[in-house]
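Remarks on the overall topology
If you want the building blocks of each chain, they are given just below.
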Amino acid sequence: MKRWSLIVVLSFVLSLYAGILFAADTFDLVIPLPLTGKQAKFGEMQKRSYEMAADEINAKGGIKKKKLALSFEDSGAKPETARAIVEKLIDVKKQPVIVGEYTSACAKAVAAVAEERKTPYLIVASADDNITQQNYKYVFRQNPVNAHYGDGVISFINEVVKPKTMAILYESSAFGTSGAEAMAKDAEKLGIKVLLKEKYEAGSLDFKPILSKVKSVQPDVLYMVSYVMDASLLMKQIKELRIDVKLFAGGAAGFAIPEFIHNAKDAAEYVISATLWTQQLKYPGAKEYAEKYKAKYKDYPSYHGASAYSAMFVLKAALEKAKDWSQNGIRDALKATNITTAFGPIKFEDKEGYQNQNFMDTFVMQVQKGEFETIWPKQYASKPYIYPIPSWKERK
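Bear in mind that the values here come from a model prediction, so they are computed numbers and not experimental data.

**Describing the sheet that holds strand β14 (residues 363-368)**
- With respect to topology, seven strands assemble into an open sheet ordered β7-β6-β8-β9-β10-β14-β15, the strand pairing being mixed. The strands lining the two open edges of the sheet, one partner per strand, are β7 (193-200) and β15 (371-376). Sheet twist, expressed as the average angle between the axes of neighbouring strands with direction ignored, equals 25 degrees.
- Where strand β6 (residues 165-171) lies against strand β8 (residues 221-225), five bridges are found, and the strand directions are parallel. Across the sheet, the residue bridging to I168 is Y223, located in β8.
- Contacting β6, β8, β9 (247-250), β10 (272-275), β14 and β15, helix α6 (residues 151-161) crosses the sheet at an angle of about 70 degrees to β15.
- Lying over the sheet, helix α8 (residues 208-217) contacts β6, β7 and β8, oriented at roughly 175 degrees with respect to β7.

Structure representation (structure tokens):
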């Protein structure tokens, strides 16, 4: 019996020791994402992209000879769930850095926790301006803010379309509201009169009442800030109502991912969208990432995936530069980041009232023959823009 007890004890000690050795050979990172619910498409794309990057990093020796070991927790795009996940990661698992989330509401909740616990947080795709306007020292954002999402679209509208009037529709989320406000301010600066600015509840099934208002005011441009199911349904019902404008424009998000074209079908044709990235850009590794993703998942990724993919290389650079892997050590290394990724240049700056914010060019895509093409700025164009766009009656 004593011998058996000794074997049990020795087995426990050896397994514990093996666990310590295994842990010492990995850098474990748990990433919160919406893997169920309405935003699951974005979460899925990001998860795949994180994993692709981790595989590439590990194939080249990892990070300081440690394998990057990823796992994921589903927030369901619920801020309270995202907050609980991150509290557990920091307080219980002692994870020294947080990466991830998608919606601005979730990122806001995570940012508050991270700052409170002095843990660096790298935001990958959440755009509400307010997140990096809080004088937070531990919150970093690599994607541009909503105020700059529409820079390319505004430039295109101003130089090509030259409208006098605009209508703005947006979903009642932090992302939708801040995106609509940014466009309204830009329109005012250009002397474009906003005839209608209305929000709607996400997940609506009938947009015809709000679209009837658009039809009645007859704007030159209709600008919409929506996630993918709403974006698709809006364009389908616009086609049904035969609402003709000079330009249909989306404020990224739902208008900038392949599901928009798949769901809206021919109603998506000629729609332009703001975007932070396309696979046609000449950033190092951009094309390779996009082609690998398509080969594996049968479709090209959007900027949400490219940003997630690149975030792993930003983290790798910071961990390799950090004096140690404490929260403050990683925070200081992130602050000193200045690299170019497949997503573009990453450098966290304090300017324009933002802190630890990356600033970069934004672009315009247009759906042409059922595919996204980069059309603006001209020097980045994969195809010339199509404008004027035909009326619904003129389309085949």
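**Remarks on the nonpolar core**
- Membership of the largest hydrophobic core comes to 113 residues, with the highest contact counts inside it found for Y50, M235, F248, F260, W277 and M312.
- Element by element, the count of residues in this core is highest for helix α12 (residues 303-321), at 10 residues.
- With sequence-adjacent residues up to four places away left out, F248 is seen in contact with L222, M224, M235, I238, I243, V271, I272, I389, W392 and R395.
- One finds V86, I98, V110 and I131 within the second-largest nonpolar core, a separate group that totals 17 residues.

**What about the packing of helix α3 (residues 79-91) against helix α4 (residues 104-116)?**
- Following both chains from N to C, one finds α3 and α4 inclined at 30 degrees, their axes separated by 8 Å at the closest point. Here α3 is positioned roughly parallel relative to α4, judged by the angle of their axes. α4 is crossed by α3, and the crossing has right-handed handedness. Side by side, α3 and α4 meet where P79, A82, R83, V86, E87 and I90 of the first sit next to A105, C106, A109, V110, A112, V113, A114 and E116 of the second.
- For the contact of α3 with α4, the residue count by class is 11 nonpolar, no polar and three charged.

Criteria and cut-off values
- Residues numbered from 1 in each chain as written.
- Predicted model: local features only at pLDDT ≥ 70, side-chain atom pairs only at ≥ 80, totals over all residues.
- Heavy atoms only, no water.
- Pairing = 2+ DSSP bridges.
- Helix = DSSP H or I, 4+ residues; strand = E, 2+ residues; numbered from the N terminus.
- Axes fitted to C-alpha atoms, helices over the stretch in contact; angles between N-to-C directions.
- Contact = heavy atoms within 4.5 Å.
- Core = buried A, V, L, I, M, F, W, Y, C linked by side-chain atoms within 4.5 Å.
- Buried < 20%, exposed > 50% of the residue type's maximum accessible area, 1.4 Å probe, protein only.
- Parallel < 35°, antiparallel > 145°, perpendicular 65-115°, else oblique.
- Left-handed = near helix turned anticlockwise from the far one by under 90°.
- Nonpolar A, V, L, I, M, F, W, Y, C, P; charged D, E, K, R; others polar.

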